[in-house]
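A structural walkthrough
Listed below are the residues making up each chain.
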Amino acid sequence: MSVLVLTPQIPYPPQQGASLRNFHIIQGLAAAMPVSLLSFAEADQSADVAPLTQLLQQFETVPVPVRSTIERLGQLISSPIPDMGHRLNEPRFFTKLEQMLTDIRPDVVQIEGIELIRAISTIQQVLPSAKIVFDNHNAETALQERIFQTDIRQLRKFPKALYSRIQVGRLREFERWGCQQSDIVTAVSERDADLLQPFRSTDQLPVEPIPNCIDVETYRIAATGEKSIDLVFTGKMDYRPNVDGILWFAAEIWPLIRQQKPHVTFAIVGKNPSEPIKALNNLDGIQVTGAVPEIEPWLSKARIMVMPLRMGSGTRLKLIQALAAGLPIVSTTNGAEGYPVKAGKDVLIGDTPEQFAAEMCRLLDSPDLQSELGSNGQQFAQAYDWRKVISRFVELYNL
């Protein structure tokens, strides 16, 4: 058996989000079968991808296409396909896909994320014998609905809310089509699987939850460093749920913490910080790092991970990374969603500014509680090591 994996960006280095999941999928599959990769390449991605290419039988890339504002606006107005479906609609990608399908004739084609599901039509036409796997990293319709519900509460965000409202209907039909046209659909959590299941026909295999995973040992080693930062958040800082959560934290929670802990420090670690995020550098105690070579040193420096997320779906890899590194976590319910963590044992939960700040100050005051949560978290994270998770894809291929 052989597999061709399609990804929206080169999954190396495996630092955040989709790249982490996709790299470990390839790493796990490569131990069992020949794996090839066709990927879009972002302009800022490193050329040094040797640890990835040595896992692959064949590796091809296509540059991420650039859409003008006028082109995107025209698509938003006239097309029934959601914005996400247009972002990577690049003819050169489909040409290379046809070539690889013809040359390799893979038994399985695995599509990583909704942005690439238009490839299903090409696969069906060129190699109808291939089993199509749609690995949905988020329940995108539900995610966009949640973003709409958050933005509509603020008058200044009405244009964004309107955009989300339009996208919800288009995403619903697009996501349903991808789920129905695929032989196998996987999701990153049981909750996402439940949200996607109505998009499958009754005679199709149910949506299978396969959780996000990491190399647990890498983060366990990171737990041994000296602490020089109180709080840390990691993630792409142009991703709307991250931006919304951190701006909410800075505006409504951070002042409450600083009232009680005037010398507390907070590092926001992640590439592409938006302008409002960059502006937080002007607040006492806050550091916005931008892109960093590795996040493990920052997890090593920190005492506590904060996850003040109010929107999003799927699961947050940053939670498992922090738990594996022995960091105690204060999170909203949404931030911890998708993992069977227990509030008070594995993480602390606060959904209002007052609750979040109170839990944070309680944790800062108690090294014993920090140690207890850190130890419990490391035990919890063991189940999410890639070596234990990725074999479930191979089991699905053989159904």
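Read on for an overview of the structure. All residue numbers here refer to positions counted from 1 along the written sequence of the relevant chain. Predicted model: local features are reported for residues with pLDDT of at least 70 only, side-chain atom pairs are reported and counted for 80 or more only, and whole-chain, interface and lining totals are derived from all residues. Note: side-chain values were computed over all heavy atoms of the structure, leaving out hydrogens and water.

Taking 1.5 Å per residue as the helical rise, helix α5 (residues 91-104) with its 14 residues ought to reach 20 Å, and the 20 Å between its terminal C-alpha atoms agrees with that figure. When we look at burial in α5, the residues that qualify are Phe93, Phe94, Leu97, Met100, Leu101 and Ile104. For α5, the arc enclosing every buried residue in end-on projection is 125 degrees, short of the 170-degree limit, so these residues lie on one face. Facing away from the buried surface of α5 by more than 90 degrees, the exposed residues are Pro91 and Asp103. N-capping of α5 is provided by Glu90, with a side-chain oxygen placed 3.1 Å from the backbone N of Arg92. Comment: elements are numbered from the N terminus, with helices defined as DSSP H or I runs of at least four residues and strands as E runs of at least two. Here, expected helix span is obtained from the residue count minus one, scaled by 1.5 Å. Relative accessibility decides the category of a residue: with a 1.4 Å probe and only protein chains considered, values under 20% of the type maximum give buried, values over 50% give exposed, and everything between is partly exposed. The reported arc concerns the directions from the helix axis to the C-beta atoms and nothing else. We define a polar contact as two N or O atoms separated by no more than 3.5 Å, with the added condition that, inside protein, one atom must be a possible hydrogen donor and the other a possible acceptor, whereas residues neighbouring each other in sequence contribute only through side-chain atom pairs.

Residues grouped as a nonpolar core are buried Ala, Val, Leu, Ile, Met, Phe, Trp, Tyr and Cys residues, joined through side-chain atoms within 4.5 Å. Ranked by internal contacts, the top residues of the largest apolar core, which has 62 residues, are Leu231 and Phe266. Per-element tally for this core: the top contributor is helix α11 (residues 240-260), with 8 residues. Contacts between residues were defined by any pair of non-hydrogen atoms, one from each residue, lying within 4.5 Å. Look past the residues within four positions of Leu231 in its chain and what remains in contact with it is Phe249, Trp254, Val264, Thr265, Phe266, Ala267, Ile304, Val306, Met360 and Leu364. Judged by nonpolar contacts, the second largest core, of 34 residues, contains Met100, Ile123, Phe174 and Val185.

Here, a salt bridge means any side-chain nitrogen of Lys or Arg that lies within 4 Å of a carboxyl oxygen of Asp or Glu. Enumeration according to the criterion identifies 22 salt bridges in this entry. The partner of Lys278 in a salt bridge is Glu275, with the nearest N and O atoms 3.3 Å apart. Here Glu275 and Lys278 lie together in helix α12 (residues 275-278), a separation of 3 residues that amounts to about one turn. Take Glu275: its relative accessible area is 56%, and that puts it in the exposed class.

A word on the pairing of strand β10 (residues 286-290). Only one face of β10 is covered, namely the face carrying Ile286, Val288 and Gly290; the face carrying Gln287 and Thr289 is uncovered. Here the rule is simple: two strands pair whenever DSSP picks up at least two bridges between them. Where strand β9 (residues 266-269) and β10 come together, 4 bridges link them in parallel fashion. If you follow Ala267 over to β10, its bridge partner there is Gln287.

Turning our eyes to something else, we now look at the packing of helix α6 (residues 119-126) against helix α8 (residues 158-181). Lines fitted to C-alpha atoms define the axes here, with helix axes fitted over just the stretch in contact, and angles between the N-to-C directions of these axes take values from 0 to 180 degrees. It is at 10 Å that the axes of α6 and α8 come closest, and there the two elements cross at 30 degrees. Taken together, α6 and α8 sit at an angle that is classed as roughly parallel. For the element pair α6 and α8, the recorded crossing hand is left-handed. Residues Ile120, Ser121 and Gln124 of α6 lie in contact with α8, whose contacting residues are Trp177, Gly178 and Gln181. In the contact of α6 with α8, the residues fall into 2 nonpolar, 4 polar and no charged. The scheme is simple: roughly parallel for angles under 35 degrees, roughly antiparallel for over 145, roughly perpendicular for 65 to 115, oblique for anything else. Throughout, a crossing is termed right-handed when the near helix is turned clockwise from the far one, and left-handed when it is turned anticlockwise from it by less than a right angle. Under this grouping Gly is polar, as are all residues other than the nonpolar Ala, Val, Leu, Ile, Met, Phe, Trp, Tyr, Cys and Pro and the charged Asp, Glu, Lys and Arg.

Below, the discussion takes up the sheet that holds strand β12 (residues 329-331). Ordered in space as β10-β9-β8-β11-β12-β13, the 6 strands form an open sheet in which the pairing is parallel. Edge positions in the sheet fall to β10 and β13 (348-349), since each has one partner strand and no second. Alignment of β12 against β13, held across 2 bridges, turns out to be parallel. Note that in β13 the partner of Ser331 across the bridge is Ile349.

Where helix α3 (residues 69-78) meets α8, the axes come as close as 11 Å, and the angle between the chain directions of the two elements is 60 degrees. Classified by the angle between their axes, α3 and α8 sit oblique to one another. By crossing handedness, the relation of α3 to α8 is classed as left-handed. On the side of α3, the interface is formed by Arg72, Gln75, Leu76 and Ile77, while α8 contributes Tyr163, Gln167 and Arg170. Of the residues that constitute the contact of α3 with α8, the class distribution is 3 nonpolar, 2 polar and 2 charged.

With that settled, consider the pairing of β9. Of the two faces of β9, the one carrying Phe266 and Ile268 and the one carrying Ala267 and Val269 are both buried. As judged from the 4 bridges shared by strand β8 (residues 229-234) and β9, these two strands associate in the parallel manner. Residue pairing for β9: Thr234 is matched across the bridge by Val269. Orient the strands so they point away from the viewer, and a crossover whose first-strand-to-second-strand path over the helix runs clockwise is right-handed. In this view, the connection linking β8 to its parallel neighbour β9 by way of α11 has right-handed handedness.

Pairing of aromatic side chains requires ring centres within 6.5 Å, counting the rings of Phe and Tyr and the six-membered ring of Trp. Pairs whose planes differ by under 30 degrees are stacked, by over 60 edge-to-face, and all others tilted. On inspection of all chains with the given rule, the structure shows 9 aromatic pairs. Aromatic pair Phe93 and Phe94: ring centres 5.7 Å apart, planes at 90 degrees, arrangement edge-to-face. Taken as a pair, Phe93 and Phe94 share a single burial class, namely buried. Here, over-ring charges are defined by two tests on the NZ atom of lysine or the CZ atom of arginine: distance to the ring centre within 6 Å, and angle to the ring normal within 35 degrees. Seen from the ring of Phe148, Arg165 lies directly overhead, with NZ or CZ sitting 4.7 Å from the centre. Lying over the aromatic face of Trp298, Lys301 brings its terminal NZ or CZ to 4.0 Å of the ring centre.

Ordered in space as β3-β2-β1-β4-β5-β6-β7, the 7 strands form an open sheet in which the pairing is parallel. Unpaired on one side and paired on the other, β3 (58-63) and β7 (208-209) mark the two borders of the sheet. Packed on one face of the sheet, α5 meets β1 (3-7), β2 (35-41), β3 and β4 (108-112) and runs near 170 degrees to β3.

What follows is about a nonpolar patch on the surface. A grouping of Ile152, Leu155, Phe158, Leu162 and Ile166 is seen on the molecular surface, where their side chains present a nonpolar patch of about 510 Å² in accessible area. In this structure, Phe158 sits in helix α8. The residues that make up patches have over 30% relative accessible area and no salt bridge, and they are joined within 9 Å when like-charged or within 5 Å when they are Val, Leu, Ile, Met, Phe, Trp or Tyr. Working definition of accessibility: Shrake-Rupley area with a 1.4 Å probe, residue cover restricted to the visible protein chains.

To continue, consider the side chain of Asn376. Mapped onto the elements, Asn376 comes out in helix α16 (residues 367-381). Judged by its relative accessible area of 17%, Asn376 falls in the buried class. A polar contact of 3.0 Å, which involves the side chain of Asn376, links it to the backbone oxygen of Lys345. Setting aside residues no more than four positions away along its own chain, Asn376 makes contact with Lys345 and Asp346.

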